[in-house]
Amino acid sequence: MVKQSRIRVDVEGQEVELSNLDKVLFPAAGFTKGEVIHYYTQMGPYLLPHLRDRALTRIRYPNGVDGPSFFEKNAPAGTPKFVRLKRLPTPGSSQGRETIDFVVCDDLATLVWVANMAGLELHTPQWRIGRSKEPKPDLLVVDLDPGAPAGLAECAEVAALLRERLAQDGIDSYPKTSGKKGMQLCCPIAGTQPADIVTGYAKVIAEELEKAHPKVITSKMAKNLRPGKVFIDWSQNNAAKTTVAPYSLRAQPTPTVSTPLTWDEIEDGAVRQFTASEVLERVEEFGDLLAPLLEKGPRVPNSPPATGPRVPERPSAGRTR
């Protein structure tokens, strides 16, 4: 009997074609494309609100995580009609394009289609489509990248320092693992300020913490300065940058996930990377720990743009309304 390699399924009223469900995409774990699709289907209620209205970049691994991969921002040929597309400007595109038709993943059918295309990693910018003519982030995100021998434990320590400092300006923060070696700290903000203002503020905070903890933290991009320290990457707030979405798989030997954490886990030193099966269990226990990111937050204090001159003092603490 010939095994059927393509099937059509109904996903919330949309017909989606699935193929090669037995193909192993994570060889070290024997994790198949069918299991990838199952994971994203089960995670849909928690993941989709974080993808909604954001231009989606997929990192595709058609032959699994051990094979070649490629970033895909534009909608490929044959994109189903039910997939929402949004044409957006792409200044500085490496391919010389002035605009790209981005995929916007608003529904489960689109998420299943992306998973079937071996779009294992899902990355989004910090701003949503259609709120203004220029990108205005509704998230402030810092990436915590450890330089060996520093690791996830050191990232957790820095996350706690960042949480305390951001709280001085009335900004709540929520941690998640990257699914690889580091972490991210995500903060809901007002979505009314240009990306360069948000980036400038994040840079000032990173520099301030580096000055206070120079043996632990660096705010500088240079990789030769990172060994034994945690790099606070404030540049994630640039309008052109994307960050791995909460609950996205990562292309590691095992199917790890960018996983929301509790602050108790941070304080207890119980931080590690989690796999897809573990994350499905965690959402049963905790629900969506990052649900507060979907609510409107405060404005950030005005700081110089990250590309502008550095000021000698940080902006005054105190909540900005």
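What you are looking at is a predicted structure, and each value in this text was computed from that prediction instead of being measured.

A.B. asks: Would you take a moment to explain the overall build of the chain for this structure?
C.D. replies: Along its length, the chain carries six helices and 17 strands. Computed over C-alpha atoms, the radius of gyration of the chain comes to 20 Å, within 12% of the 20 Å expected from 2.2 N^0.38 for 321 residues, which places it in the range of a compact globule. Sorting the 321 residues of the chain into buried and exposed places 53% on the buried side. For the chain, restricting intrachain contacts to residue pairs at least 6 apart in sequence, the fraction spanning at least 24 positions comes to 67%. Carbon and sulfur atoms make up 50% of the accessible area of the chain, which amounts to about 15100 Å² in all.

A.B. asks: Looking at this structure, how should I read the side chain of Asp 143?
C.D. replies: Relative to the helices and strands, Asp 143 is located in strand β10 (residues 139-146). Buried and unpaired, Asp 143 has Arg 250 as its nearest opposite-charge partner, separated by 7.0 Å. Dropping the residues within four chain positions of it, Asp 143 is found in contact with Met 183, Gln 184, Phe 231, Ile 232, Asp 233 and Gln 236.

A.B. asks: I keep staring at the pairing of strand β12 (residues 183-188) and nothing clicks. Help me out?
C.D. replies: Residues in a regular strand point their side chains to alternate faces of the sheet. Most of β12 is tucked away: six of the six residues are buried. In β12, alternate side chains face the same way, and those of Met 183, Leu 185 and Cys 187 on one face and Gln 184, Cys 186 and Pro 188 on the other are all buried. Direction of pairing for β10 relative to β12: antiparallel, over a ladder of six bridges. Looking at the pairing, Leu 140 lines up with Cys 187 of β12. Pairing of strand β11 (residues 174-177) with β12 involves four bridges; the strand directions are antiparallel. Pairing of Thr 177 across the sheet is with Met 183, part of β12. Between β11 and the antiparallel strand that follows it, β12, lie five residues; Gly 179 among them carries a positive phi value of about 90°.

Parameters at a glance
Residues numbered from 1 in each chain as written. Predicted model: local features only at pLDDT ≥ 70, side-chain atom pairs only at ≥ 80, totals over all residues. Heavy atoms only, no water. Helix = DSSP H or I, 4+ residues; strand = E, 2+ residues; numbered from the N terminus. Rg over C-alpha atoms; globule rule 2.2 N^0.38 Å. Buried < 20%, exposed > 50% of the residue type's maximum accessible area, 1.4 Å probe, protein only. Contact = heavy atoms within 4.5 Å. Areas by Shrake-Rupley, 256 points an atom, 1.4 Å probe, with all protein chains shown as cover. Lys, Arg positive; Asp, Glu negative; His and termini not counted. Salt bridge = Lys/Arg side-chain N within 4 Å of Asp/Glu carboxyl O. Pairing = 2+ DSSP bridges.

These figures capture arrangement, not role.
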